[in-house]
Amino acid sequence: MGIGVLAKVGKLRVSTECCMCHGAEETVDHLFMQCPVTQAVMFASPLNFSISFVPENTAAVCAQYWLQKEGHIYNFCLGACMWWDLWKSRNKVVFDKAPINIPSILREGLYWFNSHYNTDVQAGGRSMLSLVPLQHFESPLWYPPPATHIKINVDAALSSDKSFAAVARNYHGGFVGAETIRLNTTFPLVDEAHGFVRAIQLVGRLKVIVEGDCQMVVMILQTKTTSVPWRISRLIDEINNKATALNSVEFQFVPKRVNNVAHDFAKFATRHNVQDWWTSSQPPSGFFLC
């Protein structure tokens, strides 16, 4: 028997108010359709969904709408993943007193969709959904680390010839070091994971923040999922083992436009067939050309 029903018959005294918007009674249709938090998430997601698209603001009618549209399985699965993470976030509010975080709901909902809808993801395919819709919630700017840390941005340039780059900067945004390495793998996810391995190897025992735009690798390193594609499991183990020797290490996801220096530097390395390491006393000319 649901909590709301128990409350109504007097067997349990709890609030039936929506814990996310505090503006209406929580029902299935309110939580998944009518709540302003849900509406913001669904409109910002790749579905770009508005409740004005359906004749009735009910979850059942919405599911039918997704299934009847062109690309029906895609729409339904993506919507279901968003609903799933909205439900998890609602439970965190109720049981853990956690705040509502719309960017986090979008990130994790897209992660589950990328993990389970498209089998190419497990093989390192290119067809994962991006987080471009998060531009409404996340700053498009790169921010320097705290004074006690070094921040390393990593990215791979994925074309017929592949390279990845790691660029380290301090709390002033000043260049500390960089490395580019040529790759001969055939799976983009493996290329991205290699960048995180090199970042950990570069920092010695410094406190470090490692940023990258590969959502799956970051969420695995943040231990937000235990589902690790087998192609990168060895690399993930290597990263975690090396991270234990550091004073402090944080892994953060950033949109590609925030990670542009590492991305452009990796493209520079691919274009000019460059594999090298640079220090602050001798920064690469390509660093300024990116």
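Everything that follows concerns the structure shown earlier in this document.
Please read all numbers here as calculations on a predicted model, not as lab measurements.

Peer 1: Could you give an account of the overall build of the protein chain, naming the residues involved and the relevant values?
Peer 2: Across its full length, the protein chain holds eleven helices and six strands. For the protein chain, the share of sequence-separated contacts (at least 6 apart) that also reach a separation of at least 24 residues comes to 63%.

Peer 1: For the pattern of salt bridges, give the residues involved together with the corresponding values.
Peer 2: In this structure the tally under the stated criterion is six salt bridges. In this structure, the salt-bridge partner of glutamate 211 is lysine 151, at a minimum N-O distance of 2.8 Å. Taken together, the residues span a long stretch of sequence, with glutamate 211 in strand β4 (residues 207–212) and lysine 151 in strand β1 (residues 150–157) at a distance of 60 residues. On the basis of relative accessible area, glutamate 211 is assigned to the buried category, the value being 4%. Owing to a relative accessible area of 5%, lysine 151 belongs among the buried residues under this scheme. The shortest N-O distance in the salt bridge between glutamate 238 and arginine 234 comes to 3.6 Å. Of this pair, glutamate 238 and arginine 234 are both found in helix α9 (residues 233–243), four residues apart, which corresponds to roughly one turn of the helix. Relative accessible area serves as the criterion here: at 54%, arginine 234 is assigned to the exposed category.

Peer 1: How would you sum up the packing of helix α5 (residues 72–96) against helix α6 (residues 102–116)? Please name residues and give values.
Peer 2: Orientation of α5 relative to α6, taken along the N-to-C sense of each, is 135°, at an axis distance of 8 Å. Here α5 lies oblique to α6, going by the angle between them. The hand of the α5/α6 crossing is right-handed. Residues Tyr74, Cys77, Leu78, Cys81, Met82, Trp84, Asp85, Leu86, Lys88, Ser89 and Lys92 of α5 touch α6, and the partners they reach there are Ser104, Ile105, Leu106, Glu108, Gly109, Leu110, Trp112 and Phe113.

Peer 1: With reference to specific residues and values, describe the environment of leucine 158.
Peer 2: As for its position among the elements, leucine 158 is in the loop between β1 and β2 (162–169). Take leucine 158: its relative accessible area is 28%, and that puts it in the partly exposed class.

Peer 1: Describe the nonpolar core, with residues and values.
Peer 2: Counting residues in each nonpolar core, the largest one holds 60 residues, and the members touching the most others are Met20, Phe49, Trp83, Ile152, Phe196, Val217 and Ile232. For isoleucine 232, the contacting residues outside a window of four places in its chain are Leu189, Val190, Ala193, Val217 and Ile220. Ala157, Val261, Phe265 and Ala266 belong to the second-largest nonpolar core, a separate cluster that totals twelve residues.

Peer 1: For the environment of glycine 174, give the residues involved together with the corresponding values.
Peer 2: Relative to the helices and strands, glycine 174 resides in the loop between β2 and β3 (175–183). Distance in space between the C-alpha atoms of glycine 174 and isoleucine 150 is 10.0 Å, their sequence separation being 24 residues. With residues up to four places along the chain from it excluded, the contact list for glycine 174 reads Ala168 and Arg169.

Peer 1: Explain the pairing of β4 to me, using residue names and the numbers behind them.
Peer 2: Remark: a regular strand shows side chains that alternate across the two faces of the sheet. Counting buried residues along β4, five of its six residues qualify, which places the element largely inside the surrounding structure. For β1 and β4, the ladder comprises five bridges, and the chain directions are parallel. Residue pairing for β4: isoleucine 150 is matched across the bridge by valine 208. Pairing of β4 with strand β5 (residues 248–253), which is carried by six bridges, proceeds in the parallel orientation. Residue pairing across strands places lysine 207 opposite serine 248, the latter belonging to β5.

Peer 1: Residues and numbers for the packing of aromatic side chains, please.
Peer 2: This structure, assessed with the given rule, holds eleven aromatic pairs. Geometrically, the ring pair formed by tryptophan 66 and tryptophan 83 is tilted, given 4.9 Å between the ring centres and 50° between the ring planes. Remark: tryptophan 83 occurs in helix α5 and tryptophan 66 occurs in helix α4 (residues 59–68); sequence separation between them is 17 residues. Ring pairs connect the aromatic residues Phe32, Phe49, Phe53, Tyr65, Trp66 and Trp83, which therefore count as one cluster. Between lysine 151 and the ring centre of tryptophan 142, over which it is positioned, the NZ or CZ distance is 5.3 Å. If you follow arginine 169 out to its NZ or CZ, it ends over the ring of tryptophan 142, 3.9 Å from the centre.

Peer 1: Requested: an account of the side chain of asparagine 259, with residues and values cited.
Peer 2: Summarising the element assignment, asparagine 259 is placed in the loop between β5 and α10 (260–272). Here aspartate 213 takes part through its side chain, which lies 3.2 Å from a polar atom of the side chain of asparagine 259.

Peer 1: Requested: an account of a nonpolar patch on the surface, with residues and values cited.
Peer 2: A contiguous nonpolar surface patch, about 240 Å² in accessible area, is contributed by Leu67, Ile73 and Phe76. Along the chain, leucine 67 turns up in helix α4. On the accessibility criterion, leucine 67 (39% relative accessible area) is partly exposed.

Cut-offs used in this document
Residues numbered from 1 in each chain as written. Predicted model: local features only at pLDDT ≥ 70, side-chain atom pairs only at ≥ 80, totals over all residues. Heavy atoms only, no water. Helix = DSSP H or I, 4+ residues; strand = E, 2+ residues; numbered from the N terminus. Contact = heavy atoms within 4.5 Å. Salt bridge = Lys/Arg side-chain N within 4 Å of Asp/Glu carboxyl O. Buried < 20%, exposed > 50% of the residue type's maximum accessible area, 1.4 Å probe, protein only. Axes fitted to C-alpha atoms, helices over the stretch in contact; angles between N-to-C directions. Parallel < 35°, antiparallel > 145°, perpendicular 65-115°, else oblique. Left-handed = near helix turned anticlockwise from the far one by under 90°. Core = buried A, V, L, I, M, F, W, Y, C linked by side-chain atoms within 4.5 Å. Pairing = 2+ DSSP bridges. Phe/Tyr/Trp six-rings, centres within 6.5 Å; stacked < 30°, edge-to-face > 60°. Lys NZ or Arg CZ within 6 Å of the ring centre and 35° of its normal. Polar contact = N/O pair within 3.5 Å; in protein donor to acceptor, adjacent residues only side chain to side chain. Patch = residues over 30% accessible without salt bridge, like charges linked within 9 Å, V, L, I, M, F, W, Y side chains within 5 Å. Areas by Shrake-Rupley, 256 points an atom, 1.4 Å probe, with all protein chains shown as cover.

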